[in-house]
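Observations on the model geometry
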Amino acid sequence: MRSIDVNEAIDQSPFGSFQWMVVALCGALLVVDGYDVFVAGTVLPTLIAEWGLTKPQAGALQAWALFGMMFGALILGPLADRIGRKKGVAISFMLFTSATVLTGFANSPEQFKVFRFIAGLGCGGLMPNAVALMNEYAPKRLRGTMVALMFSGYSVGGMVAAGLGIGLIPGFGWQPMFFIAAVPLLLLPLVLWKLPESLGFLIRQGRQDEARRIFARISATPLDAGDRLVFTEAKGVSASVAELFRHGRTLRTLMLWLSFFCCLLLVYLLSSWLPKVLQEAGYAERASLLSLFSLNFGGMAGAILGGRMGDRFGLPRVVVGFFAAAALSIAMIGMNPAPALLFALVFVAGATTIGTQILLYASVAQLYNLSVRSTGLGWASGVGRIGAIVGPTLGGVLLARELPLEQNFLIFAVPAALSALAMLVFALANGRARDAMQLAAV
């Protein structure tokens, strides 16, 4: 009788068709998730005109889904630890697709807020469960690449929202943009049939037969009748927030938090307000919605390219460069460029804001040792989510002042510049800490 550690076996096995199926299913779910998040930006100009909203009111309207995402992560993430990742994913998916369909029936801003909050709950619960499943089934050597590929589905969803907005909104209004979310519900039977449960969850529940059937599709190691699967997790002691500021990490922790806050503020500011701002600047409705397509296409490319560059040149350097490029490209959008140049600049802005989110998560994971890594990721993500809520609201307040286009985008570029400066300080502090460790080892 042998005890086989599934983590070690997966790390030593080739990446096969079963794992590609997990990537494809989780990526497809994130396409729908991304659509739900970005669809509000495509309909915002129409809602402002139809309901007579001020820009601050419209910004607050956008923030309700983000509040829902925050609570969804807090509620549905822990729930899945008790009922299983697969059920957690299915519940989250049902919640946000159903609420998105119901949003199309909203007759007032109040109803719209309620449905968007419920949709946000589902979106917030889906992401951590999908990431957890992908991390579990990917070998360590490919984990970053596979998560980046899966995350690219989020940007694809944003592109789908923009493309459908171009075709539907001018002729049919904003409601069909939400009704169309009923189509992805057809994915639910496939998810329930094909998406595997977490191996760790099955083993902890004593469901060895189910775990063995899944494991046999992953590992080249044949199982004998008496073999037993085990799932080991190298967890340190529970860490307090104060631990994040010990061992010379105070400055680096604060710089990462500032970068997370500014990065997510930018992502949701641009996704919520870019079409409306460009329409007011004189670009046609079609061109303004195409800008949202370019933003998300850039986000997909930036996530994949940034991950590869980070492996080669070091994450801090790449993140500093990305944020500097974000500040420059966002500022140049305000110069009212020709459409071709506009789309190129928006593409770069998407690559260096949406795409940089993944690089920031990886930077956090590298800074903290295992015993405080979950705490570090949780707090950095929480600070970032505050930025996501602030972004659309702040955008509405700024745009209500009716400043010239160039000034608006210069102000929008400030968070990117702050992030670049914060990550430069982080990189320098990281270098000093690494040098000190090398000296101590001599």
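Not measured: the values here are computed from a predicted model. Residues take numbers from 1 onward in each chain, read along the sequence in its written order. The predicted nature of this model means local features are confined to residues of pLDDT at least 70 and side-chain atom pairs, given and counted, to a pLDDT of 80 or more, with totals for whole chains, interfaces and linings taken over all residues. Remark: hydrogens and water are excluded; side-chain values derive from all non-hydrogen atoms of the structure.

What about the packing of aromatic side chains?
- By convention, a stacked pair of Phe, Tyr or Trp rings (six-membered ring in the case of Trp) has centres within 6.5 Å and planes under 30 degrees apart, an edge-to-face pair has planes over 60 apart, and any other such pair is tilted. Summed over the entire model, instances satisfying the criterion amount to 16 aromatic pairs.
- Taken together, a centroid distance of 4.8 Å and an interplanar angle of 50 degrees make the contact between Phe-105 and Phe-179 tilted. Remark: Phe-179 occurs in helix 7 (residues 175-179) and Phe-105 occurs in the loop between helix 4 (85-103) and helix 5 (109-137); sequence separation between them is 74 residues.
- Between Phe-112 and Trp-174 the ring centres are 6.2 Å apart and the planes differ by 70 degrees, which places this aromatic pair in the edge-to-face class. Note that Phe-112 is positioned in helix 5 and Trp-174 in the loop between helix 6 (143-172) and helix 7, a separation of 62 residues in sequence. Each member of the pair Phe-112 and Trp-174 is classed as buried.
- Grouped by ring-pair contacts, the aromatic residues Trp-51, Phe-112, Trp-174 and Phe-178 constitute a single cluster.
- The ring centre of Trp-193 lies 4.3 Å from the NZ or CZ of Lys-194, which sits over that ring. The helix and strand labels rest on DSSP assignments: H or I over at least four residues marks a helix, E over at least two residues marks a strand, and numbering proceeds from the N terminus. Between buried and exposed lies partly exposed: a residue is buried under 20% and exposed over 50% of the maximum accessible area for its type, with that area taken using a 1.4 Å probe on protein chains only. Here, a charge over a ring means that NZ of Lys or CZ of Arg falls within 6 Å of the ring centre while also lying within 35 degrees of the ring normal.

Focus: the environment of Met-437
- Considering the arrangement of structural elements, one finds Met-437 in helix 17 (residues 405-441).
- Separated by 147 residues in sequence, Met-437 and Leu-290 place their C-alpha atoms 49 Å apart.

Observations regarding the packing of helix 4 against helix 5
- As a rule, the C-alpha atoms of each element are fitted with a line to give its axis, helices using only the stretch in contact, and angles between N-to-C directions run from 0 to 180 degrees. Axis separation between helix 4 and helix 5 bottoms out at 7 Å; the angle between their running directions is 155 degrees. Here helix 4 is positioned roughly antiparallel relative to helix 5, judged by the angle of their axes. As helix 4 runs across helix 5, the sense of the crossing is left-handed.
- For this scheme, ten residues count as nonpolar: Ala, Val, Leu, Ile, Met, Phe, Trp, Tyr, Cys and Pro. Four count as charged, namely Asp, Glu, Lys and Arg, and the remainder, Gly too, count as polar. Its residues placed into classes, the contact of helix 4 with helix 5 shows 15 nonpolar, seven polar and two charged. What sets the label is the angle itself: under 35 degrees gives roughly parallel, over 145 gives roughly antiparallel, 65 to 115 gives roughly perpendicular, and the rest give oblique. Each crossing is labelled by how the near helix is turned from the far one, with a counterclockwise turn of less than a right angle marking it left-handed and a clockwise turn marking it right-handed.

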